Amino acid sequence: MKKILVPTDFSIQAENALKLAAQLAQNNNYEIHLLHIMEIPSQMNDAITGATPIPDIMFFIQKAKETLRFTKEKDYLKELTIIDSIKMEKASTGILSYIDENNIDLVVMGSNGVSGIEEIIIGSNTEKVVRRSSAPVIVIKEEIPVFNPKNIVFASDFTEEIKKPFTKILDFVNLFDAKLNLVTICTPNSFKTTAVANKIMNEFTSEFAIKNFSTNIYNDSNIEKGIIHFSKEINADLISFCTHGRTGLSHFFTGSISEDLANHASKPLIIFKI
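Residues numbered from 1 in each chain as written. Predicted model: local features only at pLDDT ≥ 70, side-chain atom pairs only at ≥ 80, totals over all residues. Heavy atoms only, no water.

1. Looking at unusual backbone geometry
Moving on, step 1. The residue Glu79 is not glycine, and still its phi comes out positive at about 70°.
Moving on, step 2. By the secondary structure assignment, Glu79 is in the loop between α2 (54–72) and β3 (82–87).
Moving on, step 3. Phi at Asn235 takes a positive value of approximately 55°, unusual for a residue other than glycine.
Moving on, step 4. As for its placement among the helices and strands, Asn235 is situated in the loop between α7 (223–233) and β9 (238–243). (Helix = DSSP H or I, 4+ residues; strand = E, 2+ residues; numbered from the N terminus.)

This is the structure we're talking about:
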């Protein structure tokens, strides 16, 4: 991992994400890409032509450049390589295209925690970024003074399609020399016997060289609560899972469970695309 992208709207949540990215960059000699997306408000459009007046566009671009320059001068970014960009595009498509065009290895985004994943720094567009990003995405809700996760949860159903993204998860776990706590959440709607769940996890882990891990089965009323409760019980530093990229943040989540998880889980999340 060499390139970290931090999309920013200059909010406190975005700065929290930038501070975390700075920690990763300082410890591993990575470069940070700071991206501001400008979506020209529709109410600014010229009433006759339907276009935004050029002077107004230039004003907002100049203000964004000034704010980016001020941000890059923050003390916690000193001696780091910061590449700043401004794109005039829809937020989700702009971020996703930047990820692919610049071979981004990790995205770090901040959540205000008000209404789940749809309120992460640039509104509901970010849910699309999380689902479709080719790079893993870290979501945090508050400032993390020292990011050094040593106890990581990975919640999954451990099917065949999880194996490919799981290699990226292991890379991230090894980066911090952390323990990986694999967990299957059993609910009334997705019940597995202990024997069946253990067999699935044991067969899954047998194909990988994992330094330090445990397998766990946790029963709860739904998957969201199961992940949160299990993570609290083992005092996890980070929660990880995979997204299928079609709908929702994980193919084994249903309804709004994934959004609720982002809303209620106080721990940072890292999401990998299947």
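More follows now that the structure is in view.
2. Remarks on the sheet that holds strand β8 (residues 213–219)
Strand pairing in a sheet relies on backbone hydrogen bonds. The paired strands run either parallel or antiparallel.
Moving on, step 1. With mixed pairing, the ten strands of this open sheet are ordered in space as β3-β2-β1-β4-β5-β10-β9-β6-β7-β8. Here the strands that pair on one side only, and so sit at the sheet edges, are β3 and β8. Taking each pair of neighbouring strands and ignoring which way they run, the sheet shows an average axis angle of 25°.
Moving on, step 2. The pairing of strand β4 (residues 106–110) with strand β5 (residues 137–140) spans four bridges and is classified as parallel. Along β5, the bridge assignment pairs Val107 with Val137.
Moving on, step 3. Its contacts with the sheet place helix α1 (residues 12–28) against β1 (3–7), β2 (31–37), β4 and β5, and it is angled at close to 170° to β1. (Pairing = 2+ DSSP bridges. Axes fitted to C-alpha atoms, helices over the stretch in contact; angles between N-to-C directions. Contact = heavy atoms within 4.5 Å.)

3. Section: the confidence of the model for the protein chain
Moving on, step 1. Chain-level pLDDT for the protein chain is 83 on average; 80% of the residues reach the 70-or-more range.
Moving on, step 2. Ranking the helices and strands of the protein chain by mean pLDDT puts β8 first, with 97, and helix α8 (residues 257–264) last, with 54.
Moving on, step 3. Throughout residues 114–123 the model reports pLDDT below 50, and contacts reaching past four residues in sequence, or to other chains, amount to 32 contacts.
Moving on, step 4. Within the model, the stretch residues 247–256 combines pLDDT values under 50 with 33 contacts to residues more than four positions away or in other chains. (pLDDT = per-residue confidence, 0-100.)

4. Describing helix α5 (residues 163–175)
Moving on, step 1. If you check α5, its first and last C-alpha atoms are 19 Å apart, about what 13 residues at 1.5 Å a residue would give, namely 18 Å.
Moving on, step 2. For α5, the set of buried residues is Lys163, Pro165, Phe166, Ile169, Leu170, Phe172 and Val173. The arc that holds the buried residues of α5, viewed along the axis, is 160°, so those residues lie on one side. With respect to the buried face of α5, the exposed residues turned more than 90 degrees away are Lys164 and Asp171.
Moving on, step 3. Against the buried residues of α5 lie β5, β6 (151–155), β7 (179–186), α6 (194–205), β9 and β10 (269–273). (Expected span 1.5 Å × (residues − 1). Buried < 20%, exposed > 50% of the residue type's maximum accessible area, 1.4 Å probe, protein only. Arc of directions from axis to C-beta.)

5. Quick look at the side chain of Asn181
Moving on, step 1. Position of Asn181 relative to the elements: it lies in strand β7.
Moving on, step 2. Overall, the relative accessible area of 4% leaves Asn181 in the buried class.
Moving on, step 3. There is a polar contact of 2.7 Å between the side chain of Asn181 and the side chain of Asn151.
Moving on, step 4. Asn181 has contacts with Asn151, Ile152, Val153, Phe154, Ser214, Asn216, Phe230 and Ile234, leaving out every residue within four places of it along the chain. (Polar contact = N/O pair within 3.5 Å; in protein donor to acceptor, adjacent residues only side chain to side chain.)

6. With respect to the pairing of β6
Moving on, step 1. Taking burial as the measure, the five residues of β6 include five buried ones, the bulk of the element.
Moving on, step 2. By the alternation rule, side chains of β6 split into Asn151, Val153 and Ala155 and Ile152 and Phe154, which are all buried.
Moving on, step 3. Pairing analysis gives five bridges linking β6 to β7, with the strands arranged parallel. Residue pairing for β7: Ala155 is matched across the bridge by Val183.

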